[in-house]
Amino acid sequence: MWKRRRPAIQIKSAEQIELMRAAGLVVGTTLDRLREAVKPGITTADLDDIAEDSIRSAGATPSFKGYQGFPASICASVNEEIVHGIPNARKVLGEGDIVSIDCGAIVDGWHGDSAITVAVGDITSEQQRLIDVCEEAMWHGLAAGRVGARLSDISHAVEAYIRAQGDYGIVEGYTGHGIGTEMHMDPPVPNHGPPGLGPELVPGMCFAVEPMVNLGSRHTWELEDGWTVVTQDGRHSAHFEHTFAVTEDGPWVLTSLDGGRDRIAELTGGAERPTV
């Protein structure tokens, strides 16, 4: 009987990771601009225009535009929309909304991928707590991505943090992923599961960690547009994502403008900024 082979994980050289860092900086800068642009009255199509201009003016290419037919440079998912929302000139953001913005860029064939969830004006404490829990869960997952760990240690760190914060729905049908010469590569990186399973992490591996957390249940629908994923119960959802590289000196967060130095150090006891 044949044993099932695990998918190969792409190992990058130091030079290739530097190209991914360049793509990551384009994404990080673009998301900073989008965060500043989010306000009541702006449309998700307006945000898409800002993103495409930011990416192309940096000499990069949007990862999302044309990917499996996706029509825009970002995904913009509002309130109960979890991921893959299509920007639309008729979708106007209003006071009290939350919007998740997912963005990717390519530099010399190498990808960066990141997402944030942003408040539109004043939001409730429940919404803010949802955003904070999701973002912090992502950082716990990133901090677990160290040489010698197992892939599922990332998943377990994300889940353990969320479970400790309250009764949130952890979306299961959509995951983080390997990344490099393609935006989505093997292996998938779920946001739940036991520790100690899967391949051992070695320098040169790169992954995107992206929890999706709901105020209600974990269950989802995909809308008729074939892209937008929403919560079944209509409650709000948050989504965060960063791309990181496994290095001998710890996780290097390629889509964070500071490389994730402060947050990783806080969670791991003071490791310095990784170098490759």
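See above for the structure.
Bear in mind that the values here come from a model prediction, so they are computed numbers and not experimental data.

What follows concerns the layout of surface pockets. Reported here for the largest pocket is a volume of approximately 400 Å³. Considering the residues around the largest pocket, the lining is formed by 24 residues, among which Tyr67, His84, Met183, His184 and Glu210 are closest to the centre. Counting residues per element, the ones that place at least two in the lining of the largest pocket are strand E7 (176–178) and strand E8 (185–189). Of the residues that constitute the lining of the largest pocket, the class distribution is 11 nonpolar, 8 polar and 5 charged.

With an omega dihedral of 0°, the bond running from Asp186 to Pro187 counts as a cis peptide bond. Mapped onto the secondary structure, Pro187 falls in strand E8. Located in the positive-phi region is His84, a residue other than glycine, with phi close to 70°. Relative to the helices and strands, His84 is located in the loop between strand E3 (81–83) and strand E4 (98–107). For His84, a relative accessible area of 26% gives the class partly exposed.

On to the sheet that holds strand E13 (residues 237–239). The antiparallel open sheet is built from 3 strands, whose spatial order is E6-E10-E13. Of all strands in the sheet, those bounded by a partner on one side alone are strand E6 (169–170) and E13. When strand E10 (residues 212–214) meets E13, the two strands line up antiparallel, connected through 3 bridges. Within the sheet, the bridge partner assigned to Val213 lies in E13 and is Ala238. Against the sheet, helix H3 (residues 125–143) engages E10 and E13, with an angle of about 35° to E13.

Two strands in a sheet stick together by hydrogen bonds in their backbones, pointing the same way (parallel) or opposite ways (antiparallel). In space, the 3 strands of this open sheet follow the order E3-E12-E11, with antiparallel pairing throughout. Each of the sheet's edge strands pairs with one partner strand only, and the pair in question is E3 and strand E11 (220–222). Each strand of the sheet is rotated relative to its neighbour by a mean of 40°, with strand direction disregarded. Of the pairings in the sheet, the one linking E11 to strand E12 (residues 229–231) comprises 3 bridges and is antiparallel in character. Along E12, the bridge assignment pairs Trp221 with Val230.

So, about the packing of aromatic side chains. With the rule as written, the count across this model stands at 2 aromatic pairs. Seen in terms of ring centroids, Phe70 and Trp227 are 5.0 Å apart; in terms of plane orientation they differ by 80°. Their pairing is edge-to-face. Linking Phe70 in the loop between strand E1 (61–62) and strand E2 (74–78) with Trp227 in the loop between E11 and E12, this pair joins segments that are 157 residues apart in sequence. Classification of Phe70 by relative accessible area gives buried; the value is 3%. For Trp227, a relative accessible area of 18% gives the class buried. Taking 6.0 Å as the distance between ring centres and 45° as the angle between the ring planes, the aromatic pair formed by Phe207 and Phe244 counts as tilted.

Note that Ser77 resides in strand E2. Residue class for Ser77 comes out buried when judged on its relative accessible area of 3%. Separated by 3.1 Å, the side chain of Ser77 and the backbone nitrogen of Gly85 make a polar contact. Excluding residues within four positions of it along the chain, Ser77 makes contact with Ile82, Val83, His84, Gly85, Ile98, Val99 and Ser100.

Counted residue by residue, E4 has 9 buried out of 10 residues, so it is predominantly covered. Relative to E4, E1 runs antiparallel, the two being bridged by 2 bridges. Looking at E4, one finds that Pro62 is bridged to Ala105. As defined by bridge partners, E2 adjoins E4 across 5 bridges and the pair is classed as antiparallel. Looking at E4, one finds that Ser77 is bridged to Ser100.

What counts and what doesn't
- Residues numbered from 1 in each chain as written.
- Predicted model: local features only at pLDDT ≥ 70, side-chain atom pairs only at ≥ 80, totals over all residues.
- Heavy atoms only, no water.
- 1 Å grid on protein atoms, 1.4 Å probe; cavity = no way out; pocket = protein on both sides within 12 Å on 5 of 7 lines; lining within 4 Å.
- Points joined across faces, edges and corners; volume = space filled by probe spheres on them.
- Helix = DSSP H or I, 4+ residues; strand = E, 2+ residues; numbered from the N terminus.
- Nonpolar A, V, L, I, M, F, W, Y, C, P; charged D, E, K, R; others polar.
- Buried < 20%, exposed > 50% of the residue type's maximum accessible area, 1.4 Å probe, protein only.
- Pairing = 2+ DSSP bridges.
- Contact = heavy atoms within 4.5 Å.
- Axes fitted to C-alpha atoms, helices over the stretch in contact; angles between N-to-C directions.
- Phe/Tyr/Trp six-rings, centres within 6.5 Å; stacked < 30°, edge-to-face > 60°.
- Polar contact = N/O pair within 3.5 Å; in protein donor to acceptor, adjacent residues only side chain to side chain.

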